[in-house]
Amino acid sequence: MASSGTAVSLSNVRKTYRIGEPVHALDGVSLEVPRGSYTAIMGPSGSGKSTLMNLVGCLDTPTEGTVVVGGQDVRTLGDRERTRLRGTEVGFVFQTFNLMPRLNAVENVALPQLFQGVGRAERLERARNLLERVGLGDRTDHMPNELSGGQRQRVALARALVNDPAIVLADEPSGNLDTDTEADILDLFDEFHEGGTTMLVVTHERHVAERADRIVHLLDGKIERIEELDDAGESQAGSPAGRESGGGDE
Amino acid sequence: MNPLESLRLAWRSIRGHRLRSALTTLGIVIGIAAVIAFVTLGASLQAGVIGDISPDDQRNVYGWAAEPDSEGGPLAGAQPVFTQDDLEAVEDLEDVDAAYGYATLQTQAISNGEETVAQGSGLIASGPSYIREERIAEGRQFEMGAREAVLNPAAANQFEENVSVGENLTVTMLGGQQMDVEVVGITDNSEGLSPFEGFESSPRVYVPTDPYYTEQASMLGIGGGAGGGAGNQSLAGGEARFLAIIIEAESADQTDIDAARESATDYLESDAADASELLDDDLEVQLQTSTELLGQLQDVLNLLQNFIVGIAAISLLVGSIGIANIMLVSVTERTREIGIMKAVGAQNRDVLGLFLTESVILGVIGAILGTGLGLVGGYLGAQYIDLPLVYPLEYVALAIIVGMVVGILAGLYPAWRAARTDPIDALRYE
């Protein structure tokens, strides 16, 4: 996978909800996510984490500003193209796993390719390979309710990777897991990141965020600061508003 | 998304709720089963009745005098107007092969010497060719003017020792007087020979109108007296008049039948005919073929069928509301699944197709089960009434199409709702 170029870039993004008083869920956010990077987003509830996720995941469009995913400006796309972009360029990993209950592991992993019109045999073949890579080669035919939480999250990760996306979006990926399982999953994230996958993890737990190269701190819809981390997870000095960030005070 | 994949996924979720899916299809099953069962019965009944008319019967035209436009089948409102002279004249007409009267003579019993059996269904008096050559299994047709009879097997076999050709029987008429007949023929089966008799199997004794009907009529005043009112004076002679006549055309060809019918009507309504004395605006000659007579039966059958189809339509409506309802429940239940599918790249039309497929499967399964049930019902019904079984295959195809259409109509709104679900809300949905 290419580790040069930009996977996702946001510039001056504003998202306003009008429920009575206009509320700025995101208020002028600019952020570059380079290919092959590992970014964590932290912030308290209501800081705009979910909104940012939805925008990067092409589930939503910004009120102002531009969101570019896989080289395409999301705002200029119609619903159909946006769905297509989401299917091919974004892989989701959710806190609650969100597997299809009546599909077995391999079918769950293959699901995104079903909507891209990939043939069944080819799809399942690729899904089996991915399950093997996440360590579930012997569980391919199990239904989600026959798998543990950690195993389900592995299936979800394999599903997120199946279309070779520009970015994997993980929303509190270890929120429903115990400590040991959490470490396993995060190790797996590291493994794929080292293999070149671009990761964006939203979390409110410091030790999860510290796995990343940098932590973007959100507060009240703005980027509060960007923390660059070295390999050991130690914070590099300084950088209240990161190099590539438009800053939080615009 | 490939339709096959939609089918696979939709089938998966239907199987996930077996009982619910089965109950949902019940309305469709009942509606389709009712229609198929009754259509099968109707077709079998039609085949049973029409099958009884041999091709040779097709050239017969059955006639009687009744009020114009009177309905109710053969002989409805018929009055005796035709004399033997009329029939002979009609028979001499160019387009007519044969013409004879038809009457049933009421009887009490028949005996073959020692043994006497009750015979309430009477003697059937007609012309020799009424019993067609090919229907005679043994012996020959009776001759006009002779004291002869042809029996059907049911009549011949009701004695301890079967009656055979050449034996003499004594018939006791309703009035008590006795007549002798010589058995000259036995027919091949016991089904009726014309719509006048009806086509069901029963013991029948066929005799010539002369001498049996003419004697009876002059003795009892049948025909003369029943002519009523104005007819009485001209009937002073007491000549026997027939209630029903049969005219045989040259062939079963429609033009020949029409020619025979036309010339017979013309003659009977002309002053030359005795019948014309009694005919007026309220009493017209009606001449119809078996097929035309059966058409009236068909009308009744169609009415019944429309009624059943109407009830079935209501059942289908209720069934499709049931499917729509359960699909709406299903869409709500699976909001999260819809969110997942959209998050991983499902287009609106994929989701729409998935739910629509599911409701079409429910409709089609209902239709298939209903068709099966209906065919079994029709089969049992046909067995029970003893009819030849005819499966109306075009209705089976139609039933499947109806199931599909019902599925589409019922699934349209729920599927549309599913398709426009917002993935952000759906993923949050608990």
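Cut-offs and rules
- Residues numbered from 1 in each chain as written.
- Chains lettered and ligands numbered in written order.
- Predicted model: local features only at pLDDT ≥ 70, side-chain atom pairs only at ≥ 80, totals over all residues.
- Helix = DSSP H or I, 4+ residues; strand = E, 2+ residues; numbered from the N terminus.
- Rg over C-alpha atoms; globule rule 2.2 N^0.38 Å.
- Buried ≥ 20, exposed ≤ 12 C-beta atoms within 10 Å, placed from the backbone.
- Contact = placed C-beta atoms within 7 Å.
- Nonpolar A, V, L, I, M, F, W, Y, C, P; charged D, E, K, R; others polar.
- Axes fitted to C-alpha atoms, helices over the stretch in contact; angles between N-to-C directions.
- Parallel < 35°, antiparallel > 145°, perpendicular 65-115°, else oblique.
- Left-handed = near helix turned anticlockwise from the far one by under 90°.
- Pairing = 2+ DSSP bridges.
- pLDDT = per-residue confidence, 0-100.

K.L.:
How should I be thinking about the overall build of chain B in this particular structure?
P.N.:
On a plain count of helices and strands, chain B comes out with 12 helices and 14 strands. A globule of 430 residues ought to have a C-alpha radius of gyration of about 22 Å, yet chain B, at 32 Å, is considerably larger. C-alpha atoms of chain B, sized along the principal axes, occupy 105 × 50 × 35 Å. When burial is assessed residue by residue, chain B has 44% of its 430 residues classed as buried. For chain B, the proportion of contacts with a sequence separation of at least 24, taken over those separated by at least 6, is 80%.

K.L.:
What is the right way to read the overall build of chain A from this model?
P.N.:
Tallying secondary structure elements over chain A gives seven helices and 10 strands in all. Relative to the 2.2 N^0.38 estimate, which gives 18 Å for 250 residues, the radius of gyration of chain A is 18 Å and therefore close to what a compact globule would have. Projected onto the principal axes, the alpha-carbon positions of chain A cover approximately 50 × 40 × 40 Å. Classification of the 250 residues of chain A by burial places 47% in the buried group. Across chain A, every contact between residues at least 6 apart in sequence was considered, and the portion connecting residues at least 24 apart equals 65%.

K.L.:
Honestly, the interface of chain A and chain B in this entry has me stumped. Any pointers?
P.N.:
Note: interface size is frequently given as the accessible area lost on complex formation between the parts. On the chain B side, the residues contacting the 19 residues of chain A number 17 residues. For the side of chain A that touches chain B, the secondary-structure elements that each account for two or more residues are α2 (79–89) and α3 (105–114) of chain A. When its residues are assigned to classes, the side of chain A that touches chain B shows seven nonpolar, six polar and six charged.

K.L.:
What is the right way to look at the packing of α3(A) against helix α5 (residues 149–161) of chain A in this model?
P.N.:
Any two packed helices are characterised by how steeply their axes cross, that is the angle between the axes, and by the distance between the axes. Residues and elements named next belong to chain A. Look at α3 against α5: their axes get within 7 Å of each other, and the N-to-C directions meet at 30 degrees. In terms of axis orientation, α3 runs roughly parallel to α5. Every pair of crossing elements has a handedness; the one defined by α3 and α5 is right-handed. Together, Ala 105, Asn 108, Val 109, Leu 111 and Pro 112 of α3 and Val 155, Ala 158 and Arg 159 of α5 make up the contact between the two elements. Here the contact of α3 with α5 is built from residues that sort into six nonpolar, one polar and one charged.

K.L.:
So what exactly am I meant to see when it comes to the sheet that holds strand β7 (residues 167–171) of chain A here?
P.N.:
To summarise the sheet geometry, strands pair through backbone hydrogen bonds and adopt either a parallel or an antiparallel arrangement. All names here are of chain A. The six strands lie next to each other as β6-β7-β8-β3-β9-β10, forming an open sheet whose pairing is mixed. The sheet terminates laterally at β6 (90–93) and β10 (222–228), the two strands that pair on one side only. The sheet shows a mean angle of 20 degrees between the axes of neighbouring strands, taken without regard to direction. As defined by bridge partners, β7 adjoins strand β8 (residues 199–202) across four bridges and the pair is classed as parallel. The residue of β8 that forms the bridge with Val 168 is Met 199.

K.L.:
Looking at this model, I keep getting lost on the confidence of the model for chain B. Mind explaining?
P.N.:
Detailed reading of the predicted coordinates is not advisable wherever pLDDT is low. All names here are of chain B. Taken over all residues, the pLDDT of chain B has a mean of 84, while the share at 70 or more is 92%. Helix α9 (residues 335–343) holds the highest mean pLDDT among the elements of chain B, 95, whereas helix α6 (residues 231–234) holds the lowest, 36. Confidence drops under pLDDT 50 across residues 222–237; counting only partners more than four residues distant or on other chains, this segment forms 19 contacts. As scored by the predictor, the complex reaches a pTM of 0.72 and an ipTM of 0.89.

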